[in-house]
Every structure is written in structure tokens, then in C-alpha cells.
Amino acid sequence: MSKKYITSAIPYVNAKPHIGHAMDYLLADIWARYQAGQGNEVRYSAGTDEHGTKVEQKAREADAEPQAYVDELHKSFTSMVGHLNVSVTDFVRTTDTNHQRRVQEIWRKLDKAGLIYKDTYEGWYCVGCEGFVTETEAKNMNYTCTSHQKPLERLSEENYYLRVSKFTDEIRRFNETAIVPAFRGREILDLIKDGAQDVSISRPKEKLSWGIAVPDDDSQVMYVWVDALSNYITALGYPDKDWAADFWPADVEVIGKDILRFHSIIWPAILLGLGLKLPKKLLVHGFVNADGVKMSKSIGNVIDPMEIIDQYGAEAFRYFFARHIPTFDDGDFTWQKFLAAYNGELANDLGNLVSRTANMLKRFVGGSTRVSEHFSWDSSSFNQFMADFRFDMALGEVWNLAQHLNQYIDEQKPWEVAKSTVKQSSDITQVMSYLVSGLLEFSKLLTPFLPDTAAKIDQIFGGDSVGEAPILFPKAEK
Ligand SMILES: [Zn+2]
């Protein structure tokens, strides 16, 4: 048994959770549950990023104090974690007093190591993005932010900078080896081919007041990088003396592709500056489109994850997004695809297999759940897919087992075998025990993906005699 640590990105709480957040939670949870099933001690940390000008503005618009505002929004994220049945062990809010205190200590350590310096920056700035763009970028956008449709402002300000450039070699190596899938690491390598750039890590207080104060400088407040990225270690109590150092480095950090560059350039620089090891893997998922089109409020095609969960349950949600959204790439959601998977794969392939096997056990062998020595299933490709983070393919392997068992029933025709003579009565026992063993193996492999369904299958077939078999996935109307 070893200690394993996984994290999912901490969403910015200026809006309600969307499908991308649900993907973060789901992928991390599949891995966490798989590792726990292998007998490992697993910590899984999630959280919410609660500082910044946008949050402050939204709070003011809602006539609320920023803290009261984030207290409300943060609940929608913990609620989603609960509804999705995600096995989070640690949850960091960046407004937690412990987090803030630890982040200030982290800042001091980076400063002491000579990695922070003050400089004046002048450039084109978008208030909506809370960020500067380069001269070339500004020119290409015709000096108007494309996402906010607002003219860029010429701005000069004094900021603290982190010496990211000092770690260019290590950052390159990290992107060559740790990014899953590898092609995303190559995109970052291209981005830093002339070296990694130092990054501004504070803002003057007049521009950003809702944030963690820079130690020993009242005029500056920390920008998102050190504040938010550090959550992955403050969750373990870093840098307190008794922090859970035996869980670091993280085995996997799960993020969406839109925040890769912060996690593969700035985050490694912070960790190297602190003398800490880098995460072993960054698992980067793509976007989920709706009907082939990017979800956006202006198009009005945003799918609310809670709508799917409320109607069809967390297990159906987990199934569709784990299996039918490619783990490594962009995927597509349509209600039609979702319902086809729900009815065809969950209600039919799985639901029928479970209910007809339970019925046949009662009718043909008096409910006996004897297991078979003749059943064996090669799960090596399943385990390889799990090791490679191809969760979609791994779940496909689990379904191959369901198909195999359905086919076994069709070929063996237990109802014919059961027509009794003495010889055949031993045959029907063999056929039925093969199915019991198959379903117990199926339940074991299914656990990381559909933990509740797996537990139900276990309850039905894992006792001395067959249990009540409820309809697992009632057919849905098209
Ligand atoms: Zn903008």
C-alpha cells in the first residue's frame, strides 16, 4: 500500500459550475477510486479560487460583500462534488485563513530564495481579462479585447515578478515528460522555445483589493498565481512543520486545456523555487461541445451538468462523460447521444444482464450465488488503459465484459439447460455460477466509474443467495 495524491483544478467562483468543472471532478475521482481499489491510501484535493477583481465586481453588482458572495457561490461547487459522488478528501477555499497564512509564508520563502523582484511594467491592459497583452497581440486585436469587446488601456504599474525564467530547463523537461497527453506538452514547449518568461505575481492595491496581501508591502496584493496554484500544497498543510510531505509530489493533477500553461510553466517555477518536487503527471482534458458547437452563454447552448444529474442520476452522468467524451480530446454532448447511451448501454446491456441473471438464479438454481472456477477474464488491457489515463478506453473494456456475459447467456440458453435431468442439473449450476463470477468481476472493474451501481451489483450477487434486483436504469423516453 502506498500513499497517492490527486488534485483537480480549483474553479474561479464568478459563475456556477459548468460541464468542464464536472469533467475535472469526474476524471480525478475515477483515478482516486481506482487507486483506492488497489489498496492505496488516497488523498484527493479540490477547492475554489475565490479572490480577484472579477469576483469583487460581481459582488458589488449583487450589492454583497465579496466574502458573503463567495460563501454562496462556493456552495454550488461543494454541492456539485456531492451530487457527482466525488470522493474528495480535502477542499481548499482560497479565502480560508489557513490557506492565506500559508500562501504568505510561501511568498516569503520565494522572496528569501531571491526569486521575487519589483519592476515597472507598461503595456496594453484589458480590465475584463485583468491582464496585459503584448504589443503584437494588442495590434492583432486592433487594440480591442476580443473576448470583452472593450478597448485596451495603456497602463503602467509597479508589480512584483517571479523569476520563472531561471527554471527554463527544468520546465522544459517537465513538459517533455509529465504532460498527458504528450501533444499538449509539445504545445507548451513551442510556447517557451525562447525561454520561459518571468511573470507578474502582484497588483497595486487600488487595482486589486480582494486578495491576499503581499507580506511587508501594504501597497501590493497577490495576483492569482501564487494564491491559487499553491492550493495543491496548502491542502496538505504546507509549509507547516507537520504538513503531509509523504503525499507530495502529487501523482496526478487534473486540469482543462485552457489552464495548462499556468500549470506547466508558472506552477513548476513556484515548486522549484520552494525546493519541492514537481507533480508526476498533469492530466489535461479537452472541452465538451454541445452539438459540435462550443458552449457559450451568447449562443444559449450551455448544458448545465445539474440538469443531467437531476433527470438521470449521477451514475448515468458519470457513465456518459467517462466513456463518450474522449479523455484526451474535445468531446461532444447531445441529448440524443446521451439518451442512446443511456438506453442502449445502461438500461439494455447492463440493466437487462443484471435483472435476467438474477431471475434465472432464482428460477433455475434456487437463488444460489455459487461462483465458478471456470470463469476468467483478462483485465490486463483494462489496467494498462487505467495506467495510461485512457479512462474512456478502460470503461470500454468493462463494457466488453458485459457484452461477453450477454453473449454467453444467448449461446448457453440457460432456460434450455435447466430442463432437468441429473446430468443437466450440474450443467445449469455451472452456467449460472459462471455468470455470477462474471458479474462480480464486472462490478469490481466498474467501481471507479459507477461506484453506486457497482455496489448494487455486489449486493445482488455477492451474498450467499441472490438479492433483490431493482431496475438499475429505467428506460428513458426519447
Ligand atoms: Zn478582455
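Since the structure is predicted, the reported quantities are computational estimates derived from the model, not experimental observations.

Rules of the game
Residues numbered from 1 in each chain as written. Predicted model: local features only at pLDDT ≥ 70, side-chain atom pairs only at ≥ 80, totals over all residues. Heavy atoms only, no water. Helix = DSSP H or I, 4+ residues; strand = E, 2+ residues; numbered from the N terminus. Buried < 20%, exposed > 50% of the residue type's maximum accessible area, 1.4 Å probe, protein only. Donors = N, O, S within 2.8 Å, 3.2 Å for Na, K, Ca; no water. Tetrahedral: all angles 85-135°; square planar, octahedral: opposite > 155°, others 65-115°. Core = buried A, V, L, I, M, F, W, Y, C linked by side-chain atoms within 4.5 Å. Domains from an automatic or database assignment. Contact = heavy atoms within 4.5 Å. 1 Å grid on protein atoms, 1.4 Å probe; cavity = no way out; pocket = protein on both sides within 12 Å on 5 of 7 lines; lining within 4 Å. Points joined across faces, edges and corners; volume = space filled by probe spheres on them. Nonpolar A, V, L, I, M, F, W, Y, C, P; charged D, E, K, R; others polar. Buried area = accessible area lost by both parts, 1.4 Å probe. Salt bridge = Lys/Arg side-chain N within 4 Å of Asp/Glu carboxyl O.

**Some thoughts on the side chain of aspartate 392**
No. 1: For aspartate 392, the location among the structural elements is in helix 15 (residues 391-412).
No. 2: Judged by its relative accessible area of 9%, aspartate 392 is buried.

**So, the coordination of the zinc ion**
No. 1: Protein coordination at the zinc ion comes from Cys126 (SG), Cys129 (SG), Cys145 (SG) and His148 (ND1), with a distance range of 2.1 to 2.3 Å.
No. 2: Coordination at the zinc ion comes from 4 donor atoms whose angles at the metal span 104 to 113°, giving a geometry best classed as tetrahedral.
No. 3: Here the donor residues of the zinc ion are spaced in sequence according to C-x2-C-x15-C-x2-H. In this pair, cysteine 129 sits in the loop between strand 4 (116-126) and strand 5 (131-133) while cysteine 145 sits in strand 6 (residues 144-145), placing the two residues 16 residues apart along the sequence.

**Some words on the nonpolar core**
No. 1: In this structure, Phe321, Phe449 and Phe461 are the most contacted members of the largest nonpolar core, which totals 97 residues.
No. 2: Take this core: its biggest share by element is 14 residues, from helix 13 (residues 335-365).
No. 3: For this core, the two domains that each supply at least three residues are domain 1 (3-115 + 163-286) and domain 2 (305-461).
No. 4: Here phenylalanine 461 is in contact with Val354, Thr357, Ala358, Leu361, Thr369, Val436, Leu439, Leu440 and Val466, once residues within four sequence places are set aside.
No. 5: Of all hydrophobic cores here, the second largest spans 54 residues; its members include Trp107, Ile188, Ile233 and Trp243.

**Structural notes on empty space enclosed by the protein**
No. 1: By the definition in use, this model includes 1 cavity of 30 Å³ or more.
No. 2: Each pocket or cavity is described by its volume, and for the largest cavity that value is around 30 Å³.
No. 3: Around the largest cavity, the lining residues are Thr53, Tyr125, Glu130, Arg203, Lys207, Leu208 and Tyr223.
No. 4: Split into classes, the residues belonging to the lining of the largest cavity amount to 3 nonpolar, 1 polar and 3 charged.

**Examining the domain arrangement of the chain**
No. 1: Partitioning the chain into structural domains gives domain 1 (3-115 + 163-286) and domain 2 (305-461).
No. 2: One C-alpha centre belongs to domain 1, the other to domain 2; they are set 37 Å apart.
No. 3: Contact residues are listed per partner, giving 28 residues for domain 1 and 26 residues for domain 2.
No. 4: Summed over both partners, the interface of domain 1 with domain 2 comes to about 2,300 Å²; 75% of that surface belongs to carbon and sulfur atoms.
No. 5: At the surface where domain 1 touches domain 2, the tally comes to 2 salt bridges.
No. 6: Put simply, arginine 318 and aspartate 29 hold a salt bridge, and the shortest N to O gap is 2.8 Å.
No. 7: When contributions to the side of domain 1 that touches domain 2 are tallied by element, the ones reaching two or more residues are helix 1 (19-37), helix 3 (66-83), helix 7 (182-191) and strand 14 (281-285).
No. 8: The leading source of residues in the side of domain 1 that touches domain 2 is helix 1, at 10 residues.
No. 9: Residues that form the side of domain 1 that touches domain 2 fall into these classes: 18 nonpolar, 5 polar and 5 charged.

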